[in-house]
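The chain contents come next:
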Amino acid sequence: MASVEAAEPLSPSAKIDQLLESSWQQQGIEPLPAASDEIFLRRIYLDAIGRIPTAAEADKFLADSSTDKRSALIDELLASPGYGNHAFNFWADILRMNENLGGGPNIVPSYIDWLREALEKNVPYDEMVRQLITAEGASSENGAMGYTYRDRGMPLDHMANTVRIFLGTRLECAQCHNHPFDKWTQMDFFHMAAYSYGMSANGRRSTAFGDLQQEMNQDKELSRDEKRNIQRAFQEISRPVRNDLVVEYSADKLPQLPHDYKYDDAEPKQKIGAKTMFGEAPEVASPGEQLHAYAAWMTSSENPRFTKVITNRLWKEAMGLGLIEPVDELTDATQAAVPELFDYLCEQMVALDYDMKAFLRMIYHTQTYQREASVEEILVPGEYAFTGPVMRRMSAEQIWDSIVTLINSTPEMSNWRGEAEREIREVAAQRMSDALSSKSKAEMRRDVNRVANFQKDLQDQLVDLQKQQAQARKAKDTKLTQELGKKSNQLRNQLRSWIMDQVYEPVLAKSPAQPVVLQLPDGLGEMSMDPNQVDGNGRPTGAFRKQLDAKTNQLIEREMGELGITDKRDSQVYLGFRRTAMATYLRASQLRTPAPAGHFLQQFGQSDRETIENAEAAASVPQALTMINGPLFQTISNPASVLMRAVADAEQPQEKIDTIFLSLVGRPASQKEHALLLADVESRGDKIYDDAVFALLNSPEFLFVR
Amino acid sequence: MLLQSSDLDRREFISGAAKTFLGVGLGSAASQLVAPSSVMAAGEGASVARQIGTAKRVIYLYMSGGMSHLDTLDVKPGAETQGPTKAIGTSADGVQISEYLPKLAKHAHHAAIINSMSSTTGAHQQGNYLQHTSYEMRGTIQHPGLGAWALKFMGRDNGTIPPSVVIGGASRHPGSGFFESNFEPVAIGDPTKGLQNVKSKIAEEEFNHRMQLADKLSESFRERYAKKEVRAYTSMYDDAVRLMKSPDLEAFDISQEPESVREAYGSDKFGQGCLLARRLAENGVRHIEVTLGGWDTHQGNFIRVPERCDILDRGLAALISDLEMRGMLDDTIIALATEFGRTPRINQNVGRDHYPKAFSAMLVGGGIKGGQRFGASNETGEEVADKKVTIPDFNATIAYGLGLPLNQVLYSPSKRPFTVAHKGSPLVELFS
């Protein structure tokens with residue numbers, strides 16, 4: 001297929017090309033050739049929306065003869081929901097969005113929603129950062145508070161993370177001593193830490209609750225055992241609302257130097273006030289404004305490191321390598337690879353008001369981006385001349401999302417079932433939290449005493465049961481031992497439902513629940529949820545799940561109508577397949593973050609999101625085993641998959657083979673490839689299509705972005 | 001022999017090392033990845049230098065949740081904190097352990113029991129992390145586990161088998177930390193199922209046909225884009241197919257063991273995991289961890305600890321005697337570890353709560369002198385009374401047994417200096 005000239009560039013894009021060209025001329029090097037439409041097509045899909053094009057999408061672009069088709073595709077992709085789905089992964093790695101860690105949620109669900117929405121709405125970067133740094137309040141009201149919550153209890157590490165993420169500067173060494181390779185002192189560290197030190201994340205409880213807890217704990221008339229029992233009652237009562245969280249800021253809370261502080265400028269254990277590590281923060285009229293002054297200093301276009309970091313990160317996202325590497329170890333001596341270019345890009349970032357989408361659009365429109373990928377072994381990153389993008393393996397998310405594209409016909413659909421479940425849980429938790437807060441101290445005291453008594457009662461029964469269990473165990477009566485164990489568990493659950501009935505229900509009953517209205521995707525309309533549809537642990541009830549099932553079926557039946565699937569068996573296959581696809585084969589950004597251990601995404605190097613940008617692109621044997629022997633191939637080659645339906649629609653064997661190539665590697669098969677595959681028709685019949693899918697899926701051309 | 005850090009520019013070392021690390025996960029020789037011994041800094045001279053290792057491998061039994069010391073390895077007959085747990089005599093002179101571990105008692109002459117472990121970390125996740133890495137959990141870095149350090153320094157034993165394996169347990173494992181991903185342990189969820197996806201679901205002939213086709217369809221791409229990362233993926237597939245055909249795979253298949261052996265280890269996941277550990281140890285795996293959970297006995301301590309002990313006792317005793325019989329106990333360290341002990345004071349739920357101040361651990365084999373008790377807690381089990389051992393000290397002892405260079409500094413990608421057991425001092429007295 002003939003290649004088309006790169007789209008008429010916008011002027012900043014042309015300027016970028018020009019700056020690079022003069023740098024190549026100076027060094028006497030030639031740029032890489034312009035990329036063909038096929039190469040451009042696959043790359044821009046993967047870069048802009050994080051997945052490969054379907055055969056139909058590839059066909060449409062390649063057959064288009066208009067001269068501005070590349071530009072049109074860039075704009076179409078950046079405006080599609082795929083952009084947010086892809087950008088989410090990039091930021092989830094940087095912000096360590098990890099909802100798997102034990103001991104309560106590590107991030108609040110509304111934080112995930114906040115990020116998703118900010119990216120969908122293309123909120124300017126500096127605004128996003130300000131929101132993250134300064135967010136206070138309840139999780140239900142301000143999801144950005146999740147940024148502070150992520151590092152709860154670690155205010156010093158939190159500051160080091162903030163400086164690393166947004167200023168690309170490493171301060172963590174200076175927590176314990178002056179930085180060994182940079183100019184930062186331990187004092188700089190504590191000055192900086194002072195800004196956000198007063199931010200603390202806690203469960204949201206009313207003051208009455210806290211006061212009472214303290215009061216009863218200090219009550220001299222209670223015995224030690226009684227006190228313990230009462231503390232446990234407090235714990236049990238607040239259990240259902242433990243995920244209702246809040247970030248609060250108190251400006252007068254300051255960090256203290258360590259006891260072994262060894263420099264002359266201050267005493268050990270001295271309290272340290274806020275001061276920026278370079279430049280100056282705006283004057284504040286009262287200490288309460290300090291946090292916002294800090295955010296203003298951090299995100300100011302006058303703060304050179306702030307602009308450099310995001311400029312470099314986005315350049316790297318598009319071109320595969322930063323102009324500065326690593327992206328987050330800037331020092332005063334750091335030099336960008338093509339300094340004139342880097343300066344110009346930073347100017348553009350400011351001129352575009354930190355609009356990340358517009359910045360990427362500018363890069364995608366350069367001739368440089370639209371050149372063939374470099375296969376040079378880049379040994380010293382700073383010395384690469386950027387004669388084209390750098391060839392790389394897809395990220396774990398790109399691989400997974402590409403596979404999703406082969407399977408799921410609605411790859412951009414949100415995980416609306418998960419969202420509905422999350423929503424109902426949040427609303428329920430909120431209502432219970434309000435119910436608890438509405439109680440007066442006297443009411444609460446009565447509740448606590450009642451729970452403590454009930455619990456003590458249960459406890460006696462429990463101890464008795466355990467004695468019986470011990471005897472049963474000694475007598476080697478396994479059946480009885482198990483039965484008694486079951487009874488113990490039931491007793492424990494009894495306490496929870498008793499608390500629901502006695503402490504929460506009476507208040508909840510007084511204010512009837514307002515139904516929650518949820519918008520469903522794809523013209524399914526709205527769904528009204530009763531916030532009481534949760535069990536004693538705050539989880540959605542079976543009835544609620546059935547409601548969601550019905551909606552899913554409705555959606556699938558509509559699809560079948562459109563596709564004209566009427567045959568009973570075909571319908572069943574389709575229904576089953578689509579249900580699985582919509583539950584399992586969703587975009588990576590719609591699944592748990594990160595995916596659970598052992599998931600395909602983890603195997604291919606998805607970041608564990610425990611440390612900043614911890615993704616990997618290295619090969620490992622379990623990856624190959626998953627690809628060649630795992631259940632994935634069967635799903636892809638299922639007749640109801642996107643890929644196999646497209647193959648079935650194609651008529652001639654040649655056409656079917658081209659459909660497979662377009663689907664997996666974004667180009668039709670070459671003559672040689674056709675011949676190779678068709679040679680097996682006699683011996684293998686229709687199996688040649690499965691063979692081709694298997695072979696391409698396991699070829700480097702699938703995994704790499706050229 | 002040891003040069004100072006200034007002899008080698010750190011940046012140069014890091015970037016040089018990084019280049020070497022782009023190879024294939026299970027295929028590259030780990031030995032070449034070891035940093036030059038000239039790199040030293042913060043930990044210089046912090047602990048004894050490298051010795052010749054007495055052990056070649058480690059089987060690390062991790063008791064997740066916090067194992068009660070008073071009811072297992074540190075019984076205090078007559079103390080008011082002891083509760084109903086009784087002490088029994090063992091095959092080691094003057095050493096008593098809990099009545100819940102009768103089989104282990106017969107092997108105590110192989111064991112060094114440490115009763116003076118002490119830490120300040122009383123939360124599960126943080127304690128678990130500290131026990132595995134010797135470093136405190138931080139928001140800014142992920143430290144490598146002991147197994148990853150061992151591979152980094154020792155290399156691997158065998159061609160196709162993964163050199164580090166973690167069996168069972170949902171406990172989070174720090175894995176390779178900031179080391180390259182090829183030091184990541186392979187996780188086996190269910191020991192009876194072994195390694196996943198190693199068998200093709202289609203006939204061999206068809207499988208070969210498809211692999212050949214994949215190879216042919218890749219040819220032109222490979223030629224045009226001759227890049228190290230692309231080659232790494234080619235060899236990854238070669239390695240995978242070789243592993244599928246490798247006799248080493250049988251190491252993962254415990255169904256090949258006689259029924260009597262399987263029974264001796266216990267039918268539960270932990271017991272079968274210990275059996276799998278033995279098979280892997282025989283086949284050149286350097287580091288194997290088996291997890292037993294359920295030790296978080298806030299309630300019903302005296303019901304639940306005996307249950308856990310039954311499982312532990314059976315699996316551990318079978319492992320010791322099996323290794324002994326095979327002549328492998330001399331060069332295999334079995335470590336028994338947990339994140340913390342439990343409160344000597346029994347709580348109102350007849351349970352015990354988290355207690356890092358004093359707890360116990362144990363080492364068996366691999367050059368460890370058996371039949372000894374090291375350190376002691378006081379009469380109530382609440383304080384360390386003699387020879388306090390920190391978690392880094394404990395891990396340093398294992399590293400010492402393996403002959404790892406304890407004071408060799410390696411740098412994280414952020415160029416912060418780290419050592420295998422965070423400057424812990426090995427308990428050299430434990431070795432014979």
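The structure we're discussing is the one just above.
Since the structure is predicted, the reported quantities are computational estimates derived from the model, not experimental observations.

Criteria and cut-off values
- Residues numbered from 1 in each chain as written.
- Chains lettered and ligands numbered in written order.
- Predicted model: local features only at pLDDT ≥ 70, side-chain atom pairs only at ≥ 80, totals over all residues.
- Contact = placed C-beta atoms within 7 Å.
- Helix = DSSP H or I, 4+ residues; strand = E, 2+ residues; numbered from the N terminus.
- Nonpolar A, V, L, I, M, F, W, Y, C, P; charged D, E, K, R; others polar.
- Buried ≥ 20, exposed ≤ 12 C-beta atoms within 10 Å, placed from the backbone.
- Core = buried A, V, L, I, M, F, W, Y, C linked by C-beta atoms within 7 Å.
- Pairing = 2+ DSSP bridges.
- Axes fitted to C-alpha atoms, helices over the stretch in contact; angles between N-to-C directions.

With respect to the interface of chain A and chain B
- Contacts between the two partners involve 56 residues from chain A and, on the opposite side, 54 residues from chain B.
- Where the side of chain A that touches chain B is concerned, the elements lending two or more residues are α9 (155-167), α12 (224-238), α19 (441-474), α24 (621-629), α28 (671-678), α30 (687-697) and α31 (700-703) of chain A.
- With eight residues, α24(A) is the largest single contributor of residues to the side of chain A that touches chain B.
- The class makeup of the residues in the side of chain A that touches chain B is 25 nonpolar, 17 polar and 14 charged.

A look at the environment of L555(A)
Residue and element names in this part refer to chain A.
- Residue position: L555 is located in helix α21 (residues 542-563).
- For L555, a count of 20 C-beta atoms within 10 Å corresponds to the buried category.
- Spatially, the C-alpha atoms of L555 and D522 are 8.2 Å apart, while their sequence positions differ by 33 residues.
- Ignoring anything within four residues of it in the chain, the contact list for L555 reads D522 and L524.

What about the nonpolar core?
- The biggest cluster of nonpolar side chains holds 163 residues, and the ones touching the most others in it are I44(A), I660(A), A692(A), V693(A), L696(A) and A240(B).
- In this structure, L130(B), I320(B), Y400(B) and V420(B) belong to the second largest nonpolar core, which totals 102 residues.

Some details on the sheet that holds strand β1 (residues 57-63) of chain B
Residues and elements named next belong to chain B.
- Taken together, the eight strands give an open sheet; going across it, the order is β6-β5-β7-β1-β8-β11-β4-β12, and neighbouring strands pair in mixed fashion. Unpaired on one side and paired on the other, β6 (186-188) and β12 (372-374) mark the two borders of the sheet. The sheet shows a mean angle of 20 degrees between the axes of neighbouring strands, taken without regard to direction.
- Pairing analysis gives four bridges linking strand β5 (residues 164-167) to strand β7 (residues 287-292), with the strands arranged parallel. Bridge pairing in β7 links V165 to I288.

Thoughts on the sheet that holds strand β1 (residues 137-138) of chain A
Residues and elements named next belong to chain A.
- If you trace the three strands from one edge of the open sheet to the other, you get β1-β3-β2, paired in antiparallel fashion. The two strands at the open ends of the sheet, each matched to only one other strand, are β1 and β2 (199-203).
- Both β1 and strand β3 (residues 245-249) contribute to a ladder of two bridges, which runs antiparallel. When the bridges of β3 are listed, A138 appears paired with V246.

Description of the pairing of β1(B)
Residues and elements named next belong to chain B.
- When you tally the buried positions in β1, you get seven out of seven residues, the bulk of the element.
- In β1, alternate side chains face the same way, and those of R57, I59, L61 and M63 on one face and V58, Y60 and Y62 on the other are all buried.
- In this structure, β1 lies alongside strand β8 (residues 332-338), joined through seven bridges in parallel fashion. Its bridge partner lying in β8, Y60 is registered against A335.
- In terms of strand pairing, β1 meets β7 through six bridges, oriented parallel. By the bridge assignment for β7, Y62 is matched with T291.

Function-wise, these values are silent; they only describe arrangement.
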